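Here is what each chain is made of, one letter per residue.
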Amino acid sequence: MDFVKYPLLMVAYTIFLFGSAKTLGQSGNLQGVIIDTDGIHIPGATLSIEELNRVAVSDFDGKFTLLNLPEGNHTLVIAYLGYTNIEKEVTIYDKETSQIEIVLQSESIRLDDVTIIAYPNTSQVRALNTQKSNINITNVISTDQIGKFPDANIGDAIKRISGITIQVNQGEARDMIVRGLSPQLNSVTINGSRIPSAKGDNRNIQLDLIPSDMIQTIEVSKALTPDMDADALGASVNLMTLTPTHGFRFSTTLGSGINFITEEKIWNGSFLIGDRTKEGNFGWMLSASIYNNNFGSHNLEGEWADSFSFNTGEVTEEEEPIIEEISVTPYTSVLEQQTHFIQRVRRSFAANLDYRLNNEHSFFLKSIYNWRDDRENRYVFENEVLAGEDIERSDFEIENNRLVSFPVEVSRQVRGGIDNDRNQNTRLEDQRMQNYALGGEHLLGNVSIDWLGSFSKASEKSGKERIIEFKSEYTVINDNSNPELPFFRPINANDPNALDDFLYEEITEENRYTEEEDFNFFLNVEIPLKIFDERDGNLKMGGRGRLKTKFRNNDFLVFDLSEQFPTLADVPTKDYSDPNFLVGSQYQAGFFTDEQWLGGLELEGGELVPEDFLGQNYEVSEDVWAGYAMSQQQLSDKLTLLAGVRLEYTSVSATGNDIQQGGILVGQLKEQQSYVNILPGIHFKYTLSDATLLRLAWTNTIARPNYVDLAPTREIVFEDREVVVGNPSLKTTNSMNFDIMGEHYFKSVGTISGGIFYKEIDDFIYTFRSRTIDDRFGKGTTGFTLFQPLNGDGAALFGVELVFQRQLDFLPGFGKNLSIDINYTHLASKAKGIRDINGVERNDLDLPDTSPHLFNISLGYKDRKISARISTNFSDGYVDEIGSTSFNDIYYDDQFFLDFNANYNIHKNWNIYVGLNNITNQPLRLYQGTKSRTSQIEFYGRKLTLGIKYNLFQSKNSP
């Protein structure tokens, strides 16, 4: 398949063929940019020369190009939602590219003897115009729309788009689920270049790493075109960074706030500055942002069991104790209470430049660097049931098949870090993502060319993370009267804080590092191609290479300080009990090791524990070479077709560790595989009227396995009787997608739309648990639990999406300033080929991460001075992790968020803002098997923010 690796040669030949060919007749090109009076680019405008049946659409930078136009004078018609059509006379010269700059006015004026009745050029207008003009099914929001919500990061902004669910981490939106498909089944790009993942065990992009004020536009493509990377089953999300405007721009924000859970302060600041030369050839923009948030969370976690084992007191002939296992009413076998204190510092820097050499050649440089520090102290009070040979029948009590009391092993654990300027006695997680892209746009005769080369890197480092643990044992009463809040009540109330009874267990120190690097480059070529009469059409083809490497390198040391600190009473402690603990006042933390004392310990002579880290380490390289060809044709005045095919060749090399009993490294295992995916696609766009559209799409997409699943790791854990095995032979997950969407755009700026979609998915991936039936993994491994990622048989996903957003300007008086945004998504799915631990196929499962019901509702008000908005976000519960049986499945519970924010314009360039997040104090909650059995519940409290913003625009077109 060597020819697959060199699609760029085919593209280069096309450039030579068409670029060197002489044009039939006398013709030239038209290139231009559309801006508003502030110099802000206008995307999504439709520009047409009706007598020639030629149409173009302005891109994110307001640019457009019309190729191969006859020499002479023509009338260019500019159509833009919220504005009446504008006509401009243009002159085309033979073998030349004419330039034009069009300025849209933001109020009713006269331009070239044409009266324009316009709505202000708000971000919503720009986003809806882009969405309306796209050939494929997309959702678009821009930076000012993001500013309407109290959203600190891009994940919080994206969750307000129809069909999108967000999984939270410490109260902030992090992982994106689109149309019920897991985070690793979607892609995220910056300026069209794929973002690498800093996580070691998946391909998820951490959206809470990117601040919302560094992004200009978010475009969510739910039906991919052949010129886009194909590895996105749910959607491809493209984040467009801020680009130079047509004039001077300066903006700054300074804000503060408070987290009510810790009563700690929040502060943030940002600035943006940019300009363009008088001639307009060179533009630059610099921006930076910092966000410092001191917060925390209150957490309860439980594991449930429906059997209990104990020592009968009898022995076998080999003098082994006889263990009896009995079935009981489900009970909490492990219960953890956790208190977290966190400082999150998020910094971001960006520099964007563009340069127009002449009318035919322009270049750009875009860069962004995101750096987040998470400092955390965690205090864990854990109770685990003692069972098996450790207890006898007299040690526990059962009534009516319900466990009433039993002995527990109790742990008090503190997580922190060393005492230095960076760690500050905390576990420091240093996460970074950077992207640098150089690209260009060129006209060679009738050939339009664009190219981009980029380097991206993501990393996550956690060094010198320390955990100290002390353990005790006592008997508790098992209180499952409210299974949503299970509780262990000590028979002796003094036991939890009898520090002399908590014996030293261990101090560990862990270092973790994950890194992913991407080199991306692509080249696209577009030429005019009229297939149907004289109607507009083009042929576009291109090639892409993506070279990726990813590795994880962790280590783990343990220290024995039992002689120095035999009990918890022998070290400095603090009482972390909180009468306002959000899970419930009955959960009191008690005394824990002082984190400053832990950070100041001089630890020497630690012992490596290979079984705790060797199985996590791996290295994977993945090279993707792709080529595509597609054509967009105007079939009639109302119907447009885009059809094409994409071909991707993937080569993977994966290395993992072979680990035997006791963490002994036998050696490294290396596997390679390669495969080809051929992915056709068709899009139809039918214009019923200027305001009403119908779209239809048939596409084929893929999702590649997680890197850690591809690593040929083999680890035997005799202590837990488990075998963990990778699977370098995993197939890609393939999806055939069908979409139908109808859209109507209101003149008063807004839209109503509805559609259905269906996905036929093959070879989805899940973790299979089974019992080994022989010793194929080594002597004595019969009956071990085997964990291995496998491909399921298939799944089907059906969905409905409904959207309504509109300014209610038809209402009288006060009501005309109101606006409403509503979107709703319904999902139904079925997964086949998932087997339980006994090898029996399960028929009771939806596709994991498929939330049946999603909706967003926001009500806004805006006049000349005040804008305010109250917003809701809801996602229904869904299965998150497939267990060995249905009893062990883990589900995400319903989530309902309520947020409020308001802005007040105190001057033309100044405004103040206030926001209140998580008004409902919505916790993250997971449950096991059935909704009443809590697996995890974590509260983050409410957050209040306020600040001031300054914006200055000085367009070079201003009088």
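Let me begin by describing the structure that accompanies this report. This is a predicted model, so every value here is computed, not measured. (Residues numbered from 1 in each chain as written. Predicted model: local features only at pLDDT ≥ 70, side-chain atom pairs only at ≥ 80, totals over all residues. Heavy atoms only, no water.)

### Here's the deal with the overall build of the protein chain
Heads up, the condition is: A helix here means a DSSP run of H or I that spans at least four residues, while a strand means a run of E at least two residues long, and both kinds are numbered starting from the N terminus. This radius of gyration counts C-alpha atoms alone. The globule rule is 2.2 Å times how many residues there are, raised to the power 0.38. A simple rule labels every residue: compare its accessible area, found with a 1.4 Å probe on the protein chains alone, to the largest value its type can have, and call it buried under 20%, exposed over 50%, or partly exposed in between. Residue contacts are defined here by distance: any two heavy atoms, one from each residue, within 4.5 Å place the two residues in contact. Working definition of accessibility: Shrake-Rupley area with a 1.4 Å probe, residue cover restricted to the visible protein chains. In this tally Asp and Glu are treated as negative and Lys and Arg as positive; neither His nor the chain ends contributes. Working definition for charges: the position is that of NZ of Lys, CZ of Arg, CG of Asp or CD of Glu.
Looking only at helices and strands, the protein chain features six helices and 54 strands. What you see for the protein chain is a C-alpha radius of gyration of 30 Å, in line with the 30 Å of a compact globule of 959 residues. Along the longest, intermediate and shortest principal axes, the C-alpha atoms of the protein chain span 105 × 65 × 50 Å. Residues classed as buried in the protein chain amount to 58% of the 959 residues present. Considering only intrachain contacts with a sequence separation of at least 6, the fraction spanning at least 24 residues in the protein chain is 71%. Looking at the protein chain as shown, the accessible area adds up to about 39000 Å², and 52% of this sits on carbon and sulfur atoms. The positive charge centre, built from 86 side chains, and the negative charge centre, built from 135, are 10 Å apart in the protein chain.

### Focus on a negative patch on the surface
Heads up, the condition is: Nonpolar side chains (Val, Leu, Ile, Met, Phe, Trp, Tyr) within 5 Å and like charges within 9 Å form the patches, drawn only from residues with over 30% relative accessible area and no salt bridge. The term salt bridge refers to a pairing of a side-chain nitrogen on Lys or Arg with a carboxyl oxygen on Asp or Glu at a separation within 4 Å.
The grouping of E317, E318, E319, E320, E389, D390 and E473 at the surface amounts to a negative patch. Position of E320 among the secondary structure elements: in the loop between strand 19 (282-315) and strand 20 (321-356).

### Focus: the nonpolar core
The cut-off we apply is this: What makes a nonpolar core is a set of buried Ala, Val, Leu, Ile, Met, Phe, Trp, Tyr and Cys residues whose side-chain atoms join them at distances within 4.5 Å.
Within the largest apolar cluster, 46 residues are counted, with the highest numbers of intra-cluster contacts made by F308, Y331, F406, I507 and L601. Those residues in contact with I507, other than ones at most four positions away along the chain, are I467, I468, L557, V558, F559, L561, L601 and L603. With 29 residues, the next largest nonpolar core counts I161, L207, I218 and A458 among its residues.

### Thoughts on unusual backbone geometry
Residue D849 is not a glycine yet carries a positive backbone phi of 75 degrees. Within the element layout of this structure, D849 appears in the loop between strand 45 (818-832) and strand 46 (853-862). You will see that N918, though not glycine, has its phi angle at about 55 degrees, which is positive. The buried category is assigned to N918, whose relative accessible area is 9%.

### Topic: the sheet that holds strand 1 (residues 27-36)
Here is the rule: For two strands to count as paired, DSSP must find a minimum of two bridges between them. Axis geometry follows a simple rule: fit a line to the C-alpha atoms, using only the stretch in contact for helices, then measure angles between N-to-C directions, giving values from 0 to 180 degrees.
One open sheet holds the three strands; their spatial order is 4-1-7, and the pairing between them is mixed. Both outer strands of the open sheet, strand 4 (63-70) and strand 7 (97-104), are each paired with one neighbouring strand and no more. For this sheet the average axis-to-axis angle between neighbouring strands, irrespective of direction, equals 25 degrees. Relative to strand 7, strand 1 is paired through eight bridges, and the arrangement is parallel. From the neighbouring strand, N29 faces strand 7, where its bridge partner is T97.

### Concerning a nonpolar patch on the surface
Together, Y686, L688, L694, L696, M736, F738, I740, I756, Y758 and F798 make up an exposed nonpolar region whose accessible area comes to about 810 Å². Elements that contribute at least two residues to the nonpolar patch include exactly strand 37 (692-703), strand 40 (733-746) and strand 41 (750-762). Looking at which element gives the most residues to the nonpolar patch, the answer is strand 40, with three residues. Relative to the helices and strands, Y758 resides in strand 41. For Y758, a relative accessible area of 31% puts it in the partly exposed group.

### Some points on the pattern of salt bridges
In the structure shown here, the tally under the stated rule is 56 salt bridges. Here R179 ties to D739 by a salt bridge, and the two come within 2.8 Å at their closest N and O atoms. Of the two residues, R179 is situated in the loop between strand 12 (172-178) and strand 13 (187-190) and D739 in strand 40; the sequence distance between them amounts to 560 residues. Classification of D739 by relative accessible area gives buried; the value is 2%. D479 is the salt-bridge partner of R489, the closest N and O atoms lying 3.6 Å from each other.

### Describing the environment of T332
Condition: Any pair of nitrogen or oxygen atoms within 3.5 Å is treated as a polar contact; in protein, a donor-acceptor pairing is required on top of that, and neighbouring residues in sequence qualify only through side-chain atoms on both sides.
Examined against the element boundaries, T332 turns out to sit in strand 20. On the basis of relative accessibility, which here comes to 0%, the residue T332 falls in the buried class. Counting along the chain gives 51 residues from T332 to N383, while the straight-line C-alpha distance between them is 9.7 Å. Leave out the neighbours within four places in its chain, and T332 touches G302, E303, W304, V385, F406, N480, P486 and F488. A polar atom in the side chain of T332 sits 3.1 Å from the side chain of N480.

### Topic: the side chain of N186
Secondary-structure assignment places N186 in the loop between strand 12 and strand 13. In this structure N186 comes out as buried when scored by relative accessible area, which is 3%. Looking at N186, its side chain comes within polar contact range of the main-chain oxygen of S182, at 3.0 Å. In terms of polar contacts, N186 uses its side chain to reach the backbone amide nitrogen of A235, at 3.0 Å.

### Observations concerning the packing of aromatic side chains
Definition in use: Between the rings of Phe, Tyr and Trp (Trp by its six-membered ring), a pair exists once the centres lie within 6.5 Å; its type follows the angle of the planes, with under 30 degrees stacked, over 60 edge-to-face, and the other angles tilted.
Applying the stated criterion across every chain yields a total of 26 aromatic pairs. When the ring of F310 is compared with that of F396, the centres are 5.2 Å apart and the planes differ by 55 degrees; the resulting orientation is tilted. Here F310 is found in strand 19, whereas its partner F396 is found in the loop between strand 22 (388-392) and strand 23 (397-399), with 86 residues between them in sequence. Given the relative accessible area of 6%, F310 is considered buried. Look at Y891 and Y927: their rings are 5.2 Å apart centre to centre, the planes differ by 5 degrees, and that puts the pair in the stacked class. A residue pair is termed long-range when its members are at least 10 positions apart, and Y891 in strand 49 (residues 890-892) and Y927 in strand 52 (residues 924-928) qualify at 36 residues. In this structure, Y891 and Y927 share a single accessibility class: buried.

That's the geometry; what it means functionally is another story.
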